[in-house]
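Each chain is listed here by its residues.
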Amino acid sequence: MARIIVVTSGKGGVGKTTSSAAIATGLAKKGKKTVVIDFDIGLRNLDLIMGCERRVVYDFINVIQNETTLNQALIKDKRTENLYILPASQTRDKDALTRQGVEKIFNDLGEMDFNFIVCDSPAGIETGALMALYFADEAIITTNPEVSSVRDSDRILGILSSKSRRAEKGNPPIKEHLLLTRYNPELVSRGDMLSIEDVLDILCIPLLGVIPEDQSVLRASNQGEPVILDAESDAGKAYEDSIRRLLGEDLPYRFIEEEKKSFLKRLFGR
């Protein structure tokens with residue numbers, strides 16, 4: 001059985017697509033056959049982050065509406081073995097998503113021996129987001145350490161506990177993970193950003209990873225490659241740690257303490 005993981009949040013711009021791409025790539029690098037699906041119908045950004053936008057011929061909606069086969073729509077990643085992308089449509093409406101269609105795709109992917117199905121959810125609680133979380137076994141709640149982002153994520157937790165298939169059937173609840181993005185210990189120490197403890201006190205879910213504020217994220221996005229492939233970057237290392245925790249390892253958290261500046265750095269302010 002494939003593990004269905006939804007990467008979600010209440011607020012836009014917190015790094016869901018960046019995280020979905022990094023998580024899917026990281027799982028595939030660990031030898032897990034993984035597909036990442038873009039649920040943001042009408043916008044379609046995942047293929048840009050994955051660097052495969054020119055290879056999109058068929059999309060998620062084409063498969064749901066029986067206009068093509070799943071095999072024809074899946075794009076095999078050129079850089080990472082075991083990784084596939086199912087892009088969203090830019091020309092269809094979100095209402096083209098149907099529960100029956102999505103369920104059939106998940107069942108078909110399971111029969112193709114995928115270990116993980118990563119769902120890149122749009123922000124908020126519109127059709128695409130609700131459809132992505134409905135079938136999930138696990139949810140990675142992606143949030144920035146600021147009040148409005150955390151508050152909106154708390155709302156998503158409420159929806160996960162009440163509107164999922166697991167909730168409807170009375171099955172064990174969706175396993176929840178917190179992924180804290182754009183974390184800056186210096187701003188935390190000045191009181192300009194919520195601390196990890198602040199966020200955990202509000203959301204009360206296990207911490208999967210802390211992704212530091214890092215220019216390499218923007219650089220990787222512009223180059224069309226998941227930042228986890230930049231093994232020298234702080235963000236890439238933090239996503240790698242998060243993958244290892246997702247697979248059951250117990251690791252300490254990095255990049256959560258303010259860097260101690262040397263005398264010369266303090267003297268010259270850099």
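Sequence order sets the numbering: in each chain, residues are counted from 1 along the sequence as written. Residues qualify for local features only when their pLDDT is at least 70, as the model is predicted, and side-chain atom pairs are given and counted only at 80 or more; totals for whole chains, interfaces and linings, by contrast, use all residues. As a rule here, side-chain values come from all non-hydrogen atoms in the structure, and water together with hydrogens is ignored.

Chemist: I would appreciate a short explanation of the pattern of salt bridges in the present structure.
Modeler: Two side chains carrying opposite charge are able to pair once their charged atoms lie near each other. Every case where a carboxyl oxygen of Asp or Glu lies within 4 Å of a side-chain nitrogen of Lys or Arg is listed as a salt bridge. A complete count under the given rule lists 17 salt bridges for this structure. For Glu240, the salt bridge is made with Lys30, and the minimal N-O distance between the two is 3.0 Å. One end of the pair, Glu240, is in helix α12 (residues 234-246); the other, Lys30, is in the loop between α1 (16-29) and β2 (34-38), with 210 residues separating them in the sequence. Lys76 is the salt-bridge partner of Glu81, the closest N and O atoms lying 3.8 Å from each other. Using a relative accessible area of 55% as the deciding quantity, one classes Glu81 as exposed. Think of it in three bands: with a 1.4 Å probe and only protein chains considered, a residue is buried below 20% of the maximum accessible area for its type, exposed above 50%, and partly exposed in between. Owing to a relative accessible area of 31%, Lys76 belongs among the partly exposed residues under this scheme. Connected via shared salt-bridge partners are Lys29, Lys30 and Glu240. Only DSSP runs of H or I with at least four residues qualify as helices, and only runs of E with at least two residues qualify as strands; both kinds are numbered from the N terminus onward.

Chemist: Quick question: what am I supposed to make of a negative patch on the surface here?
Modeler: The residues that make up patches have over 30% relative accessible area and no salt bridge, and they are joined within 9 Å when like-charged or within 5 Å when they are Val, Leu, Ile, Met, Phe, Trp or Tyr. Note on areas: these come from Shrake-Rupley sampling with a 1.4 Å probe, and a residue is covered only by the protein chains present in the view. Counted as positive: Lys and Arg. Counted as negative: Asp and Glu, with His and the chain ends omitted from the count. For the purpose of locating charges, the reference atoms are NZ of Lys, CZ of Arg, CG of Asp and CD of Glu. A contiguous patch of negative charge, built from Glu197, Asp198, Asp201 and Glu257, is present on the exposed surface. Assignment of secondary structure puts Glu197 in helix α10 (residues 196-203).

Chemist: Please explain the packing of aromatic side chains as it appears in this structure.
Modeler: Centre-to-centre distance and the angle between the planes together describe a pair of aromatic rings. A pair of Phe, Tyr and Trp rings is counted when the ring centres sit within 6.5 Å of each other, with Trp represented by its six-membered ring. The angle between the planes then sorts it: under 30 degrees is stacked, over 60 is edge-to-face, the rest tilted. Taken as a whole and judged by the stated rule, the model has five aromatic pairs. Relative to Phe135, the ring of Tyr134 lies with its centre 4.8 Å away and its plane at 85 degrees, an arrangement referred to as edge-to-face. Each of the two residues, Tyr134 as well as Phe135, counts as buried. Taken together, the aromatic side chains of Phe39, Phe60, Phe106, Tyr134 and Phe135 make up a single cluster linked through ring pairs. When the ring centre of Phe114 is taken as reference, the NZ or CZ atom of Lys33 above it lies at 4.6 Å. For a Lys NZ or an Arg CZ to count as sitting over a ring, it must be within 6 Å of the ring centre and within 35 degrees of the ring normal.

Chemist: Just to check I follow, could you spell out the environment of Lys76 for this structure?
Modeler: By the secondary structure assignment, Lys76 is in strand β3 (residues 75-76). Along the chain, Lys76 and Leu86 lie ten residues apart, while their C-alpha atoms are 9.2 Å from each other.

Chemist: What's the story with the pairing of strand β6 (residues 138-143) in this structure? I'm lost.
Modeler: Working note: regular strand, side chains alternate between the two faces of the sheet. Within β6, six of the six residues are buried, leaving the element largely enclosed by the surrounding structure. In β6, alternate side chains face the same way, and those of Glu138, Ile140 and Thr142 on one face and Ala139, Ile141 and Thr143 on the other are all buried. Here a strand pair is declared whenever DSSP counts at least two bridges between the two strands. Pairing of strand β1 (residues 3-8) with β6, which is carried by four bridges, proceeds in the parallel orientation. Within β6, the position partnered with Val6 by the bridge is Ala139. In this structure, β6 lies alongside strand β7 (residues 175-183), joined through six bridges in parallel fashion. Bridging from a neighbouring strand, Thr143 pairs with Leu180 of β7.

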